[in-house]
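Working through the structure, step by step
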Amino acid sequence: MYEVTSDNRLKSLIVVGDRVLIRPKSPSDRTNSGLYLPPTVTEREQVQSGYVIKVGPGYPIPVAVEEEPWKETEEKVKYMPLQSKEGDLAIYLQRNAIDLEYDGQKYVIVQQSSILMLERSEDLFE
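If you check an unreviewed UniProt entry, the protein appears there as Co-chaperone GroES from Dyadobacter luticola. The UniProt entry for the protein carries the following text under Sequence similarities (unreviewed entry): "Belongs to the GroES chaperonin family."

Rendered as structure tokens:
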């Protein structure tokens, strides 16, 4: 699994809103019967899987104003956090993913709603 550490450039990336940065798993290039598939076939599958590298802050929610409306105040934004966490294995819809390459590595950015399932290791956060 690829992690965000102080010595790589992923630490400086900020994912916005309800987006999730995922490093796709290397798909198996063979079928169950032993046939080799070209990469174009495996990349076009509707459902893909990969490791969550970074997550955005979540869905913005409005803040109730308790002071007088004529006073100028700073707009403070609160977020409802996302379900996915760094290190999770995500199964997501490929058609909603945005492919990108950063530092020679392939990544995808998907919205939280495009993630179908998460697999989380219990000892990951201990």
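**Points about the overall build of the protein**
Helix and strand content of the protein: one helix and eight strands. Reading the helices (α) and strands (β) of the protein from amino to carboxyl end gives β-α-β-β-β-β-β-β-β. Sorting the 126 residues of the protein into buried and exposed places 27% on the buried side. At a minimum sequence separation of 6, the contacts of the protein that also span at least 24 residues come to 73%. About 9600 Å² of surface is accessible on the protein, with carbon and sulfur atoms providing 50% of the total.

**Some details on the nonpolar core**
Counting ten residues, the largest nonpolar core consists of Val20, Ile22, Val52, Leu82, Ala90, Tyr92, Ala97, Val108, Val110 and Ile115. Of all the elements in the fold, those that place two or more residues in this core are strand E1 (19-24), strand E5 (89-93) and strand E7 (105-111). Filtering out sequence-adjacent residues up to four positions away, Ala97 remains in contact with Tyr92, Val108, Ile109 and Val110. Ranked by size, the runner-up nonpolar core spans six residues in total, among them Leu10, Val15, Ile53 and Tyr107.

**Structural notes on unusual backbone geometry**
Positive phi values are uncommon outside glycine, yet Asp103 reaches one of about 55°. With respect to the helices and strands, Asp103 occurs in the loop between strand E6 (98-102) and E7.

**Notes on the environment of Ser121**
Along the chain, Ser121 falls in the segment after strand E8 (115-119). Taking the C-alpha atoms as reference points, Ser121 and Asp88, 33 residues apart in sequence, are found 7.3 Å from one another.

**Overview of the pairing of strand E2 (residues 47-55)**
When a strand is regular, its side chains alternate between the sheet's two faces. By the bridge criterion, five bridges tie E1 to E2 in an arrangement that is antiparallel. Note that in E2 the partner of Pro24 across the bridge is Gly50. Sheet topology note: the E2/E5 ladder contains five bridges and is antiparallel. What sits directly across from Ser49, in E5, is Ile91.

**Describing the side chain of Gln112**
Of note, Gln112 is situated in the loop between E7 and E8. Once residues within four sequence positions are removed from consideration, Gln112 is found in contact with Asp18, Val20, Tyr59, Leu82, Gln83 and Ser84.

**Re the sheet that holds E7**
Two modes of strand pairing occur in sheets, parallel and antiparallel, and in both the strands are linked by backbone hydrogen bonds. Spatial strand order, E6-E7-E1-E2-E5-E8: six strands in an open sheet with antiparallel pairing. Here the strands that pair on one side only, and so sit at the sheet edges, are E6 and E8. The average undirected angle you get between the axes of adjacent strands in this sheet is 40°.

Basis of the calculations
- One numbering rule holds for all chains: residues counted from 1, following each sequence as written.
- With pLDDT at 70 or above as the cut-off, local features in this predicted model cover only qualifying residues; side-chain atom pairs require 80 or more to be listed or tallied, and sums for whole chains, interfaces and linings still use all residues.
- Computation of side-chain values: all heavy atoms of the structure, hydrogens and water removed.
- UniProt positions are given in the numbering used here, feature names are shortened, and annotations may be inferred rather than shown by experiment.
- Think of it this way: any DSSP run of H or I at least four residues long counts as a helix, any run of E at least two long counts as a strand, and we number them from the N terminus.
- Three labels apply to residues, based on accessible area from a 1.4 Å probe with only protein chains included: buried if under 20% of the type maximum, exposed if over 50%, partly exposed otherwise in between.
- Only heavy atoms matter for contacts: two residues are in contact if any of them lie within 4.5 Å across the pair.
- Residue burial considers only the protein chains on display, and all accessible areas are found by Shrake-Rupley using a 1.4 Å probe.
- The nonpolar core is taken to be a set of buried Ala, Val, Leu, Ile, Met, Phe, Trp, Tyr and Cys residues, with the residues joined through side-chain atoms within 4.5 Å.
- By definition, two strands form a pair when at least two bridges between them are found by DSSP.
- Angular values range over 0 to 180 degrees, each being the angle between N-to-C directions of two axes fitted as lines to C-alpha atoms, with helices fitted over their stretch in contact.

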